[in-house]
Each structure stands twice: as C-alpha cells, then as structure tokens.
Amino acid sequence: MQRVFAALAREGLHVERDGRVYRVRLKDVADAPAGEVLLPDDFPIEAKALRQLAGLAALRHPAGGGVTTVRASPDFHPGDAGVAIGSIVETEGIVVPAAVGTDINCGMRLHVVDLTAEQLLAKRDVLVERLKGDYFFSSRDLPMTAEAMQGLFREGLAGWLSAVRRRPLGQLARCDLDQLEREIDRVHLGGGLDGDPRWAPEDIVPEEGVVRDGGLATIGGGNHFVEIQVVEEVVDRARAWQWNVRAGQVAIMIHSGSRGVGKHVGALWRDRARGLWPKGQKFPPEGLFSLSLADQPEAVAGYMQAEATAANYGFLNRLLLAELLRQRLRELFGEVAAPLVYDLPHNITLPVEGAAKRWITRKGACPAGVEQPVIIPGSMGAASYLLVGRGSPQLLGSASHGAGRATSRFEMGRRGRETGDLGLAGVDCITLREERRIEEAPAAYKPIGPVVACQVEAGLCDVVARMRPLMTFKA
DNA sequence: ATGTGC
C-alpha cells in the first residue's frame, strides 16, 4: 500500500494523486496553511470534504489567533455540519466549538472476555433477548444520586465512582466497583476532564435525591454500536499478552458518545460563538465561528469546561454500556473475567501538551500517542482492529477512527430499494430499525483493510490484533 | 451525531 500525502496547494487548492488532479475552488484560502490528506491508492476523495478541510485551514479570528495546521485521516469524508469527518486541526489562540460539533467524546471502548466464541454463541439467543431489554427497552435500572451526577460532570469517572461507592443504587450495586476503579487508568485521560454541572442539561443534575437519566447507557444512532466480537488474529503477541488479548477469545467493542449532553453543549456553544463574533466582521466559512483568547478568554475557558462536561458523560455512557453487558455475561456464564483493554475519544478538543494557547481538535480521528492503544472499528460485518500508536506528527499524533463512509445514507436507501448486494450476508445485526441495516451496511463503507494498512505503512500505528464480529447491536 | 425536524 502506497502512502500518499497530497498538499492542498495555496493557489486554487488541488490534490494530485495517481496522475489525476482534483480541484476545489475556494476563496479565502490564500494564506491558509497547507493541509495534508493520507489516503490509500485508488480511494475516492470527495470535493466537499476537501472544501470543508480548506475552510478549516482558512479560519482566523479578527482579534487574533487562528488555525495553524490541518490534516485528514484515511477515513476522511464529508460531514453535514461543515466539518469533514476525519479532520485533525491545530489552533493557536482560538477554539472552534463547531469543529468538534455536537457529538462530543464520541469514542471507542474495548473489553476482552474469557470465553471462546463457541461458548458464547451457545447462549446467543438468551443473551440477545436480555441485551435487547437493556439497550432498546430501558429495562435497566441505573438510578444516579445528585452527588454521582455532579461528581461525573465535575471530574469524570473518578468523581462519579466515589459518589457511587458511598451509595450504590439499583444495578450499580451489582457492579464490581473495585474493578471499575482499577480500570480508570485504562481510560484515556483517566476518563475525566475539568467540567462543571452548570453546562449539563438541568433535568439530569438534581440538587439532591436521585435521577433516572434515560440517556445514560444508550447506544445512540448512526454508526454507533455495541458489538460482540472474536479475536481472529493476534499480530503483536507481546503487546496483546500485556493487554490481556488472546486469539480465539470473545471481545466487546463499543462505539458511542455523550448523547444528548453533547448535543446540548455543542449547540449552546456553536450559537454563543456566533453571538460573540465581532460585529461588522465577515463570517467564517461553513459557520465555523471561533472564540479568541485575545478578546474572549472567559469564553474560551467556558467552552473548554463545557466540552469537558459533555466528554465526562461520554466516558460514563460507554462504561455503563459495557457494564450492562458484563452483568449479563455473569448471569449466563458465572464469574467470567471481562477486563477493559482501553477506552478513548475520537471527537474532542485537547490542549497541546507543553504549549500554552494551542489546541488540537480531532473530529473523527483517534489519538495515537506513543505506546497508546488505538481502536479502529470496521463497518458492520467487517473486521475491527486494536493497534498501538507511534505518536507520528504526520497526523498530529492521530489515526483514523474507522473505515470511513463511502456512500451516503440517502444513496444507500435508494440502492437498498433496488436490491443491490449490500454485503449483509452472514451479519448478525440486532436492531429495531430496519433502515439501519441498509444505511450502515458494509457496502456503505470503505474497506477497513487498506485504511488500516496505509496507516501502518505511514508509521502512525502498528496492528496488535484483529477482531471479527459475532453480533452487533444498533439502535 | 441529536429523545433528529419542516
């Protein structure tokens, strides 16, 4: 697989690949930093996605600060909120709420389970029935005290956990809280950023008493899922052993985010950024309003705290989705070990380490720091990968967050009605919405193999293990 | 992406 970096040239913006030149017309990009796209050979590249990337590159705040670097990961594709999915952007002196959007702390979580696929599939039907109850019919019982919700929003998983330890209610009383505590260091950033409950939707942060938040432990729509997999191949035996991953074992992979809380925070700050834009100044492309440290330091701090608040909720959402599944596995198989391998966000703004006033926003890009676990899911029915990051600067210490959509949901709907081969044979997808099967069918996505291979070849990460799906839950 | 929204 050949590695291809294509500069978005300043004059006219073009990408040259395989002898073909892709041109994108865009004004205002004259003094923007060049963007780079990493793609396998023969991959389609959408003009809309390039236009969006160029729009990001051109961002400047009239009071000072702007975007310094943009990169695009191999699963790069157009987004509907003005930012292409797979964008990695470094800013200096500004933050851009719309760049991360409303799906704050969308991310991945991976557990391994001390069962073989055969053992698990022997109880497939009863497991599916119970999980349908948990994930689709809200039969779960997860009452949260005011202290737990406030601790969560303020500090993340550690704050939540210490409150739950004081008063474990409902199904939380059946969780192994010591294990959850030990697993916090396998969550990126310790599963906690400095947030504040005042940024969360009011109805889920009681002053006192208990709330039953219907958003917690829910999968969400689109490409989000809970998947039971089997480790098909271990490539890096030493690291796999160290991370508890064994060939032939069952794994649990979760792709979800901060649900309504991220939507609340993202929409609130998108609107605030527009409202705070200096009067009389030309609007930025695609509604990408920024907040400048130069004249709005409290707004920058406020947004970062609000984003952190939603991010903390996303960490707990994934933890609880996994916890429900671990409880069902214990019911059916006894005390079976199902340790966390890693949990990490691929939709988040983080400060650049060791540099004041600089941030990296990853929009559909997985952090891939040195020796750090990287989780790249394939599309429904396809393989997923556990990798180890190498901290390469090429994509600012990032990797892709998936295979990348190749065909729009709308187009897939049309193709589905015309009964094309959507690659769904043999896929065990449990969903209440039939249209998901088509919208998220394997044929809607690029093949994960080349997407992973080109990143390995580029030195972004190395494969530790490959998993294949056994059953996928999609809301 | 979103207890989607015209």
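All values derive from a computational prediction rather than experimental measurement. (Residues numbered from 1 in each chain as written. Chains lettered and ligands numbered in written order. Predicted model: local features only at pLDDT ≥ 70, side-chain atom pairs only at ≥ 80, totals over all residues. Heavy atoms only, no water.)

Draft legend 1. Representation of the packing of aromatic side chains in the model. Tallied over the entire structure, the rule returns six aromatic pairs. Taken together, a centroid distance of 5.9 Å and an interplanar angle of 65° make the contact between Trp 269 and Tyr 303 edge-to-face. Of this pair, Trp 269 sits in helix H9 (residues 259-276) while Tyr 303 is found in helix H10 (residues 297-333), placing the two residues 34 residues apart along the sequence. Assessed through its relative accessible area of 2%, Trp 269 is described here as buried. For the ring pair Trp 277 and Phe 289, a centre distance of 5.6 Å and an interplane angle of 75° mean the geometry is edge-to-face. Note that Trp 277 is positioned in the loop between H9 and strand S13 (291-292) and Phe 289 in the loop between H9 and S13, a separation of 12 residues in sequence. Overall, Phe 289 belongs to the buried group, its relative accessible area being 5%. Here the aromatic residues Trp 199, Trp 269 and Tyr 303 are joined through ring pairs into a cluster of three or more. (Phe/Tyr/Trp six-rings, centres within 6.5 Å; stacked < 30°, edge-to-face > 60°. Helix = DSSP H or I, 4+ residues; strand = E, 2+ residues; numbered from the N terminus. Buried < 20%, exposed > 50% of the residue type's maximum accessible area, 1.4 Å probe, protein only.)

Draft legend 2. Spotlight on the nonpolar core. With 80 residues, the main nonpolar core has Tyr 135, Met 144, Trp 160, Ile 228, Leu 320 and Phe 473 as its most contacted residues. Element by element, the count of residues in this core is highest for H10, at 19 residues. The residues contacting Trp 160, other than those within four sequence positions of it, are Met 144, Ala 148, Gly 151, Leu 152, Leu 172, Leu 180, Leu 316, Leu 319 and Leu 320. Counting 45 residues, the second largest nonpolar core, distinct from the first, contains Ala 240, Val 245, Ile 376 and Ala 383. (Core = buried A, V, L, I, M, F, W, Y, C linked by side-chain atoms within 4.5 Å. Contact = heavy atoms within 4.5 Å.)

Draft legend 3. View of the protein's contact with DNA strand B. Every one of the 14 residues lining DNA strand B counts as a neighbour, but Gly 221, Gly 222, Asn 223, Arg 259 and Gly 260 are closest to it. Sugar plus phosphate: this is where 70% of the atoms of DNA strand B within 4 Å of the protein reside. At 2.4 Å, a backbone N or O of Gly 221 approaches a phosphate oxygen of DNA strand B. Gly 260 is positioned such that a nitrogen or oxygen atom in its backbone is 3.2 Å from a phosphate oxygen of DNA strand B. Element by element, the count of residues in the surface near DNA strand B is highest for H9, at three residues. Tallied by class, residues from the surface near DNA strand B come to no nonpolar, eight polar and six charged. (Near = heavy atom within 4 Å. Polar contact = N/O pair within 3.5 Å; in protein donor to acceptor, adjacent residues only side chain to side chain. Nonpolar A, V, L, I, M, F, W, Y, C, P; charged D, E, K, R; others polar.)

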